[in-house]
Amino acid sequence: MTQQTQRGTPLTALKGVGSRVAEKLARLQIHCVEDVLFHLPIRYEDRTRIVPIGSLRVGDHAVVQGEVQLTEIKYGKRRMLLCHISDGTGVLVLRFFYFNAQQKESLARGALIKCFAEVRKGPKHLEMVHPEYKLLSEIQAAAEVDEALTAVYPTTEGLHQLSLRNISEQALQMMQNGQLNLQELLPQALLADQALPDLASALHYIHRPPPDAPVQALVEREHIMQKRLAVEELLAHTISMRQLRATTRLHKTVSLAADNLLLEAFHDSLPFQLTAAQQRVTQEIMRDLEKNYPMQRLVQGDVGSGKTVVAVNAALRAVAAGYQVAFMAPTEILAEQHYINISNWLTPLGIEVAWLSGKLRSAPRKQALQKIASGQAKVAVGTHALFQDEVVFDQLALVIIDEQHRFGVHQRLALREKGVKQGVHPHQLIMTATPIPRTLAMTAYADLDCSIIDELPPGRKPVETVVLPDSRRDEVVQRVQAACQQGRQVYWVCSLIEESEALQCEAAEDTASTLAELLPEVRLGLVHGRIKQEQKEKTMQQFKAHKLDLMVATTVIEVGVDVPNASLMIIENAERFGLSQLHQLRGRVGRGNQDSACVLMYHGGLSDNARSRLSIMRETSDGFVIAQKDLELRGPGEVLGTRQTGIQQMRIADLLKHQDLLTVVNRWTDQLIESEPVVARQLVQRWIGEAEQFASV
Ligand code: ADP
Ligand code: MG
């Protein structure tokens, strides 16, 4: 804390900032006046023009002006003041829950009022709840609007926008007077190369756009001034992640010498040959494992590309060297599936595999813990339970984490820490079926090395994909029936227009009972979020064992579930899903040797965006192409998952909008770290701050 204050101008130099406000600012990572300037607006409000009431839409933030028609107090559950105003194009209701008699009086019929707030839907008219407003004399009425866009800042409880605006105003003033310690950190060559403006101009513009600023470009974050700051921020992030990687290289680990006997025995026992991609990635991993600092590698591979075998290759290297491996999957069902596969593969080689899940009863649990602690079990497969405190490994050398694309850098680090023993860090291998485009991966996963399995095992037939309106449901039901009669299995995925989980579950229940009526001879199972985990798993196991023909489910059917005999996937309201999710769902079929199909049913008219999504699904099965399209259609926040790397908490950079900058940023990251380490450190400090740095972990 003290250090942070020292690095810049103390906040108390600002009027209106005492210790109480300073405390709140600290919550926003603002520790000095310079930090204020890097606390950037999240959006802008356009108060430069008055919007006709008739053209307001729900969700707009707008200035309107009108004449009061009627003001009344309503007595319901809560007393409130309703003020109806009109500008001749429509009626708008202003709703106040807190008010006094004087306020009611001033809002008398005929008064002219100008107000600003978000537009909401009301029972009869559009509304504004507690708008900012001013009463106007008729003479003033025509003229008064703001000259420039109004910046809106991210804030915290008890800190008003107006205070933030006031504080940033003062900081900008100090910057202009040369009172602040603000260095240009971007190299001249980079500025020139990208034709970027200098730091002070960019900051000033972003905080206080001039009256003639292009509103659209600013809102879309496409303005050159924003780009200038985005470059800096992206640089800071990649530098910080690279530094994290550098720190990793200082850690001790066990170097796992090559020993190919076990590997060869394993490969001989497999009924197939590894694909060239599997072999290449295996080699990349093996080279890491020989080093004397811990591996941090991400393996990306499309659904069905055979990541598990590659992970087992790595595991065998550790086992051959006399060490243990922890293999973690995010859900019980996935973990159990891995346990079954892996023990089938490894037990014949004389390797003991332990199983650990949160639900294990106490006797088998104790036994598993003991085997792990004594080193008798060489491989432990399980869920998060593997990382609980009472799990003690004898000699853990490798941690494998499957399907953890939802994990950000902080969680990755936390998991890694759990495996540290006497200063020795285990190697870490992370596998994900959510491919992301390369440049994006270099930024989002800059702390990791990446490998890509870019080939599917031979003989996989593409899943035939059809798009149908749900008015043709009867045909779809017949298709389900035919498939079941031929001894195939079918998934039927429901979703609802409503977002609520409860309603989704209901929809799945409704669908299940309708289908049960229509197809009495079909053995049907149902899983959704409200069914107990135990029951859910039992149903999945029955489906796996072909004791069920048809599985009706919400999207809870987990990633990675492997039922090769399932060859038909029906997805209802497919237009509601993102591309990556559709791709994951579709990946549940086409795992066996028979022809498979996926029916995407849609409801009602399709938006342009939905139409392109569905046709992309029809045209390609390449996960990388789909990921790229998904990125274009939805933006990186969605693609990376909400709790991603922290990368999407960026202040101004937008991985999609600024995608074209990533190559430049990556190049300069290396250059700065190498030849300008001080500047590199200052960039990280400016944008990420001490508290958020990972280097200490
Ligand atoms: P994912 O990458 O989605 O995790 P899996 O590891 O579950 O894929 O593999 C999918 C299926 O493909 C499994 O049944 C696995 O045994 C099989 N498989 C893996 N590699 C090959 C290969 N080289 N040739 C044929 N089948 C393979
Ligand atoms: Mg898998």
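Computed from a prediction, not measured in an experiment: that's the story for all the values here.

So, how was this worked out
- Residues numbered from 1 in each chain as written.
- Chains lettered and ligands numbered in written order.
- Predicted model: local features only at pLDDT ≥ 70, side-chain atom pairs only at ≥ 80, totals over all residues.
- Heavy atoms only, no water.
- Pairing = 2+ DSSP bridges.
- Helix = DSSP H or I, 4+ residues; strand = E, 2+ residues; numbered from the N terminus.
- Axes fitted to C-alpha atoms, helices over the stretch in contact; angles between N-to-C directions.
- Near = heavy atom within 4 Å.
- Polar contact = N/O pair within 3.5 Å; in protein donor to acceptor, adjacent residues only side chain to side chain.
- Areas by Shrake-Rupley, 256 points an atom, 1.4 Å probe, with all protein chains shown as cover.
- Nonpolar A, V, L, I, M, F, W, Y, C, P; charged D, E, K, R; others polar.
- Expected span 1.5 Å × (residues − 1).
- Buried < 20%, exposed > 50% of the residue type's maximum accessible area, 1.4 Å probe, protein only.
- pLDDT = per-residue confidence, 0-100.
- Contact = heavy atoms within 4.5 Å.
- Salt bridge = Lys/Arg side-chain N within 4 Å of Asp/Glu carboxyl O.
- Arc of directions from axis to C-beta.
- Disulfide = S-S within 2.5 Å.
- Parallel < 35°, antiparallel > 145°, perpendicular 65-115°, else oblique.
- Left-handed = near helix turned anticlockwise from the far one by under 90°.
- Phe/Tyr/Trp six-rings, centres within 6.5 Å; stacked < 30°, edge-to-face > 60°.
- Lys NZ or Arg CZ within 6 Å of the ring centre and 35° of its normal.
- Core = buried A, V, L, I, M, F, W, Y, C linked by side-chain atoms within 4.5 Å.

Draft legend 1. Spotlight on the sheet that holds strand β11 (residues 324-328). One open sheet accounts for seven strands, arranged β12-β13-β11-β14-β15-β10-β16; its pairing is parallel. Every interior strand has two partners, whereas the edge strands, β12 (353-356) and β16 (449-453), have only one. Along the sheet, successive strands turn relative to each other by an average axial angle of 20°, direction set aside. By the bridge criterion, five bridges tie strand β10 (residues 296-301) to strand β15 (residues 427-432) in an arrangement that is parallel. Across the sheet, residue L298 finds its bridge partner in β15, namely I430.

Draft legend 2. Molecular detail of the site of ligand 1. Taken together, 16 residues are adjacent to ligand 1, and Q273, G304, K307, T308 and R460 come closest. Note that an oxygen atom of ligand 1 is positioned 3.4 Å from one of the backbone N or O atoms of S305. Within the backbone of G306, an N or O atom sits 3.1 Å from an oxygen atom of ligand 1. Within the complex, the protein chains bury 81% of what would otherwise be the 560 Å² of accessible surface of ligand 1. Looking at the shell around ligand 1, its residues break down into four nonpolar, seven polar and five charged.

Draft legend 3. Summary view of helix α22 (residues 608-619). Compared with an ideal rise of 1.5 Å per residue, which puts twelve residues at 16 Å, α22 spans 16 Å between its outermost C-alpha atoms and is within 8% of the ideal. Among the residues making up α22, those that are buried are A610, R613, L614, S615, I616 and M617.

Draft legend 4. Local environment of the confidence of the model for the protein chain. Taken over all residues, the pLDDT of the protein chain has a mean of 86, while the share at 70 or more is 91%. Summarising per-element confidence for the protein chain, the mean pLDDT is lowest in helix α1 (residues 2-6) (44) and highest in helix α12 (residues 276-290) (97). Low confidence marks residues 1-5, where pLDDT is under 50. Its contacts with residues over four positions away, or in another chain, come to eight contacts.

Draft legend 5. View of the pattern of salt bridges. Inspection of the entire model under this criterion finds 28 salt bridges. The salt bridge involving E132 is made with R47; its shortest N-O contact spans 2.9 Å. Here E132 is found in strand β8 (residues 132-136), whereas its partner R47 is found in the loop between β1 (43-45) and β2 (61-75), with 85 residues between them in sequence. For R47, a relative accessible area of 10% gives the class buried. Linking R297 and D288 is a salt bridge whose minimum nitrogen-to-oxygen distance equals 2.6 Å. A relative accessible area of 9% places R297 in the buried class. According to the relative accessible area criterion, D288 is buried, its value standing at 7%. Here the salt bridges share partners, and the residues they tie into one network are R280, E284, D288, K291, R297 and D454.

Draft legend 6. Inspection of the sheet that holds strand β21 (residues 566-571) at higher detail. If you walk across this open sheet you meet the six strands as β17-β22-β21-β18-β20-β19, and the pairing is parallel. Only two strands of the sheet have a single neighbouring strand rather than two, namely β17 (464-469) and β19 (524-527). Between one strand axis and the next, the sheet turns through 15° on average, direction left out of account. Inspection of the sheet shows β17 paired to strand β22 (residues 597-602) by six bridges, in the parallel sense. Across the sheet, the residue bridging to V467 is L600, located in β22. Docked against the sheet, α22 engages β17 and β22, running at close to 150° with respect to β17.

Draft legend 7. Local environment of the side chain of H207. Within the fold, H207 resides in helix α8 (residues 199-207). Judged by relative accessible area, which is 1%, H207 ranks as buried. In terms of polar contacts, H207 uses its side chain to reach the side chain of Y153, at 2.8 Å. Apart from the residues lying within four places of it in its own chain, the contact partners of H207 are V36, L37, H39, L40, P41, A151, Y153, S168 and L172.

Draft legend 8. Main features of helix α26 (residues 677-687). Listed in full, the buried residues belonging to α26 are V679, A680, L683, V684, R686 and W687. Each buried residue of α26 lies within a common arc of 165° when the element is viewed along its axis, so the set occupies one face. After α26 finishes, the residue G689 shows a positive phi value of roughly 80°.

Draft legend 9. Structural detail: the environment of Q422. In this structure, Q422 sits in the loop between α16 (409-418) and β15. Judged by its relative accessible area of 75%, Q422 falls in the exposed class. In this structure, the C-alpha to C-alpha distance between Q422 and H658, residues 236 residues apart in sequence, is 43 Å.

Draft legend 10. Structural detail: the state of the cysteines. Inspection of the entire model under this criterion finds zero disulfides. Not engaged in a disulfide, the cysteine C484 finds its nearest cysteine sulfur in C494; these two sulfurs lie 15 Å apart.

Draft legend 11. Geometry of the packing of helix α14 (residues 332-346) against helix α20 (residues 533-544). Relative orientation of the contacting elements α14 and α20 amounts to 45°, with a least axis distance of 10 Å. Between α14 and α20, the crossing angle belongs to the class labelled oblique. Note on packing geometry: the crossing formed by α14 with α20 is right-handed. Residues E332, I333, E336 and Q337 of α14 touch α20, and the partners they reach there are Q533, E537, M540, Q541 and K544. Its residues assigned to classes, the contact of α14 with α20 comprises two nonpolar, three polar and four charged.

Draft legend 12. Broad picture of the packing of aromatic side chains. As enumerated under the stated definition, the model contains five aromatic pairs in all. On the basis of an interplanar angle of 35° and a centroid distance of 5.5 Å, the ring pair of Y339 and W355 is categorised as tilted. Of the two residues, Y339 is situated in helix α14 and W355 in strand β12; the sequence distance between them amounts to 16 residues. For Y339, a relative accessible area of 24% translates into the label partly exposed. When the ring centre of F116 is taken as reference, the NZ or CZ atom of R47 above it lies at 3.7 Å.

Draft legend 13. Representation of the packing of α8 against helix α10 (residues 224-250) in the model. Running from N to C, α8 and α10 cross one another at 115°; their axes reach a closest spacing of 9 Å. Crossing geometry of α8 relative to α10 is assigned as left-handed. Contacts between α8 and α10 involve L199, S201, A202, L203, Y205 and I206 from the first element and M225, Q226, R228, L229 and E232 from the second. Within the contact of α8 with α10, the residues separate by chemical class into seven nonpolar, two polar and two charged.

Draft legend 14. View of the pairing of strand β14 (residues 396-402). Counting buried positions over the seven residues of β14 gives seven, a clear majority of the element. Relative to β15, β14 is paired through five bridges, and the arrangement is parallel. Bridged to I400 within β15 is L429.

Draft legend 15. Focus on the nonpolar core. L229, L235, L683 and W687 are the most contacted members of the largest nonpolar core, which has 84 residues in total. With eight residues, the single largest contributor to this core is α10. Apart from residues no more than four positions distant in its own chain, L235 is found in contact with L186, L190, V665, W668, T669, L672 and L683.

Draft legend 16. Geometry of the side chain of Q337. Summarising the element assignment, Q337 is placed in helix α14. Residue classification places Q337 among the buried residues on the basis of a relative accessible area of 9%. A polar contact is formed between the side chain of Q337 and the side chain of K544, at a distance of 3.3 Å.

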